[in-house]
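# Inside the fold
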Amino acid sequence: MSSMNTGLKSDAPSWLAFHKPNPRASLRLFCFHYAGGSAQVFREWHDLLPTVEVCPVQLPGRGTRIREGSVRRVAPLVEQLARELAPKLDVPFAFFGHSMGALIGFELARRLRRERGLEPAQLFLSGRRAPQLRDAGPPLHDLPDDEFIERLRDYKGTPEEVLRHPELMGLMLPFLRADFELCDTYAHQPDAPFDCPLTALGGLSDSGVRREDLEAWREHTTGTFSLRMFPGEHFFMNDSQPLLLQVLARELYRLT
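Computed from a predicted structure; not experimentally measured.

### Here's the deal with the side chain of H220
- Mapping H220 onto the fold places it in the loop between α8 (211-215) and β6 (225-230).
- Ignoring sequence-local partners within four residues, the contact set of H220 consists of F106, R110, P131, Q132, H188, P193, F194 and L198.

Shown next, in the form of structure tokens:
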């Protein structure tokens with residue numbers, strides 16, 4: 001249990017990385033990265049989405065928080081996020097999350113609604129099956145190293161030169177396993193749908209997250225639901241970033 005709690009210290013500034021306050025913005029966009037990633041993937045978004053204040057969330061165990069233990073369960077993570085991000089929820093806000101980040105954003109939005117009566121202006125849930133669907137395969141986090149690395153290779157999100165570098169992989173495997181454990185152990189609990197708009201996003205060539213898996217997010221809102229598909233596989237958010245940001249900019253401009 002101690003490994004689950006490590007890293008959940010009250011240190012609000014460290015939860016946001018590459019964050020540039022934008023006093024002219026009327027909406028904040030909190031961004032949650034995928035398993036094995038970091039807030040680095042959102043580093044340039046504030047320049048490309050000038051009408052909002054982009055807030056990339058840095059989870060423990062990576063980047064500037066590399067010395068903190070990774071979190072292995074969804075519930076304690078969103079509990080702490082709800083507390084730490086509370087001062088930034090004084091203006092309308094939206095969530096974007098990709099893969100693991102979509103799961104975190106979704107459950108954080110539920111917790112904020114339940115505990116604080118707050119709801120995002122919009123949810124952008126990317127590269128993740130709707131949570132009520134059964135996982136497509138067996139758990140990955142406890143596979144032997146060689147099998148685990150091979151599955152990472154299948155996802156095509158980690159450069160081959162990194163996968164072949166024993167020292168680098170030795171540093172990365174602990175938080176990679178923790179991220180996959182967080183996803184593998186997640187158990188969806190039914191709850192009322194949101195009232196806010198919800199946009200599901202996916203890659204046209206993502207064999208692990210099909211169009212119908214994304215369409216199933218529809219039942220989680222009574223508001224407007226939209227589905228956007230982009231060229232690319234699971235990590236289309238990197239490969240098709242200009243097109244993705246065009247879509248986000250248009251949706252966010254409507255909100256602001």
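So, next bit.
### Side note on the packing of aromatic side chains
- Applying the stated criterion across every chain, the model contains 12 aromatic pairs.
- Aromatic side chains F42 and F96 sit 6.1 Å apart centroid to centroid with 80° between the ring planes, which places their arrangement in the edge-to-face category. Pair noted here: F42 is in the loop between β1 (28-32) and α2 (45-48) and F96 is in strand β3 (residues 93-98), with a separation of 54 residues, a long-range link. The pair formed by F42 and F96 is uniform in burial state, with each residue classed as buried.
- Centroid distance F230 to F236: 5.5 Å. Interplanar angle 5°. Geometry classified as stacked.
- Assessed through its relative accessible area of 1%, F230 is described here as buried.
- A relative accessible area of 0% places F236 in the buried class.
- Stacked on the ring of F194, the Lys or Arg R113 has its end atom at 4.6 Å from the ring centre.
- Lying across the ring of F148, R177 places its NZ or CZ 4.6 Å from the centre.

Rules of the game
Residues numbered from 1 in each chain as written. Predicted model: local features only at pLDDT ≥ 70, side-chain atom pairs only at ≥ 80, totals over all residues. Heavy atoms only, no water. Helix = DSSP H or I, 4+ residues; strand = E, 2+ residues; numbered from the N terminus. Contact = heavy atoms within 4.5 Å. Phe/Tyr/Trp six-rings, centres within 6.5 Å; stacked < 30°, edge-to-face > 60°. Buried < 20%, exposed > 50% of the residue type's maximum accessible area, 1.4 Å probe, protein only. Lys NZ or Arg CZ within 6 Å of the ring centre and 35° of its normal.

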